[in-house]
Amino acid sequence: MHKILPKENLRNFFEKLKELGEVHAPVRRGTIFAFSKIESVEQIEFSYVRTMIPPKKYFIQTCEEILRFTPDKGYSPVTTETKKVVLFGVHACDINAIKILDNVFLEEPVDLFYEERRKNTFIVGISCEPDDFCFCKSVGADSVQDNYDLFLYDLGDRYLIDTGSRAGEEFLLSLNLQNPTSTDFEVLRKMLSERDLKFKKTLNAQGLAQIVDSNPSSEVWGRYAEKCLACGGCTLVCPTCRCYSIDEFRDLSLEKSTRTRRWDSCFLRSHALVAGGLNFRPTRLDRFRHRYNCKSSIEWKSGGLFCVGCGRCSAFCPAGIDHVEVLNNLVHLSVMTI
Ligand code: SF4
Ligand code: SF4
């Protein structure tokens, strides 16, 4: 279903969204943007390109208790109260990233913490304009087919709203909005094709998974790994990175024992360290190559890459390493040596 929302009615639309739950949207934090709880539509930064921390923070907490242990009951799961959240202003790349997370966390065995938060989140997407780091078009993540409730396309003085779920349809029907005309769809097509031309970065994604996998000795890895600080920042900001580690905390009486999980990064040396001191990826080079391999591999359910081209890892890398540059260099060299 499609409807037209004149921008002067945005405040009403927003007030109605608030009836569904807490509204979280991109807001400015100095020079960066963050999804945050908001009370009024004026707080929203509609023209943001990317937030530093992606929407994954709503579904996987940075650190959370998952099990408690008592001597009489053993381990029991921690139950959490989840509030209804409306995530407003999510871009197509991030909606596609949430789909990848869904494919991981909602497959058997289902992650109950993730499932609970995910089903309580109403996603409102919004169209966007690429900057120097965006390459979502190269990986097919610049548009959305599903995994959202509503999606707003900016047509200038109005939004064309598309529904992606039953909940989205019900919400839209309650608003009594006009249907779009053929002119609205023409404006949308023009807007999308003009946007296509604005991408400045292109990843050579054709056959990338095989190229990365079959070139472990390429000199490209060493060249960039030398610059890398192994800080793990790129994994922290990546909307599809989801590694976590598990810690057990026991007091001597065993009364307050807990098991927690927290975000972890395959870039950190400790991540591949196992009992006995063996480390599967002991060097920075091993870890650098591993991350690129992971991001360039095929997500089996969607058939796309594990990278949605949001550009966060490049935009926020303190060493200035550009994800696309690394991979395009690898592709270029591998073609030269065939
Ligand atoms: S953010 Fe940059 S420096 Fe830090 S681990 Fe990633 S590639 Fe290396
Ligand atoms: S690898 Fe980089 S560009 Fe790709 S999804 Fe992760 S942060 Fe975004």
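Our structure's up above, just so we're on the same page.
Parameters at a glance
- Residues numbered from 1 in each chain as written.
- Chains lettered and ligands numbered in written order.
- Predicted model: local features only at pLDDT ≥ 70, side-chain atom pairs only at ≥ 80, totals over all residues.
- Heavy atoms only, no water.
- Near = heavy atom within 4 Å.
- Helix = DSSP H or I, 4+ residues; strand = E, 2+ residues; numbered from the N terminus.
- Nonpolar A, V, L, I, M, F, W, Y, C, P; charged D, E, K, R; others polar.
- Phe/Tyr/Trp six-rings, centres within 6.5 Å; stacked < 30°, edge-to-face > 60°.
- Buried < 20%, exposed > 50% of the residue type's maximum accessible area, 1.4 Å probe, protein only.
- Lys NZ or Arg CZ within 6 Å of the ring centre and 35° of its normal.
- Axes fitted to C-alpha atoms, helices over the stretch in contact; angles between N-to-C directions.
- Parallel < 35°, antiparallel > 145°, perpendicular 65-115°, else oblique.
- Contact = heavy atoms within 4.5 Å.
- Expected span 1.5 Å × (residues − 1).
- Polar contact = N/O pair within 3.5 Å; in protein donor to acceptor, adjacent residues only side chain to side chain.

Draft legend 1. Structural context of the site of ligand 2. What surrounds ligand 2 is a group of 13 residues, the closest being Cys238, Cys307, Cys310, Gly311 and Cys313. Those elements that provide at least two residues to the shell around ligand 2 are α9 (284-295) and α10 (312-315). Its residues assigned to classes, the shell around ligand 2 comprises 7 nonpolar, 3 polar and 3 charged.

Draft legend 2. Structural context of the packing of aromatic side chains. Using the criterion set out here, one finds 14 aromatic pairs in the structure. A centroid spacing of 5.6 Å and a plane angle of 50° characterise the contact between phenylalanine 59 and tyrosine 114, whose relative ring orientation is tilted. Here phenylalanine 59, found in the loop between β3 (32-37) and β4 (63-70), pairs with tyrosine 114, found in helix α3 (residues 112-119); they are 55 residues apart in sequence, far enough to count as distant. Of the residues examined, phenylalanine 59 reaches a relative accessible area of 0% and is grouped as buried. Of the aromatic side chains, those joined through ring pairs into one cluster are Trp221, Phe267, Phe288 and Tyr292. If you follow lysine 56 out to its NZ or CZ, it ends over the ring of tryptophan 263, 4.8 Å from the centre. Between the NZ or CZ atom of arginine 118 and the centre of the ring of phenylalanine 59, over which it lies, the distance is 5.7 Å.

Draft legend 3. Summary view of the packing of α9 against helix α11 (residues 323-336). At a closest axis distance of 12 Å, the pairing of α9 and α11 adopts a crossing angle of 90°. When the interaxial angle is binned, α9 and α11 end up roughly perpendicular. Every residue of α11 that contacts α9 at Phe288, Arg291, Tyr292 and Lys295 is listed here: His323, Val326 and Leu327. Tallied by class, residues from the contact of α9 with α11 come to 4 nonpolar, 1 polar and 2 charged.

Draft legend 4. Seen up close, the site of ligand 1. Lining the immediate surroundings of ligand 1 are Cys228, Leu229, Ala230, Cys231, Gly232, Cys234, Phe267, Cys317, Pro318, Ala319 and Ile321. Counted by class, the shell around ligand 1 contains 10 nonpolar, 1 polar and no charged residues.

Draft legend 5. Broad picture of α11. If you check α11, its first and last C-alpha atoms are 20 Å apart, about what 14 residues at 1.5 Å a residue would give, namely 20 Å. Every buried residue of α11 is listed here: His323, Val324, Val326, Leu327, Asn328, Leu330, Val331 and Ser334. Between the side-chain oxygen at the start of α11 and the backbone nitrogen of valine 324 there is a gap of 3.0 Å, and the oxygen is on aspartate 322.

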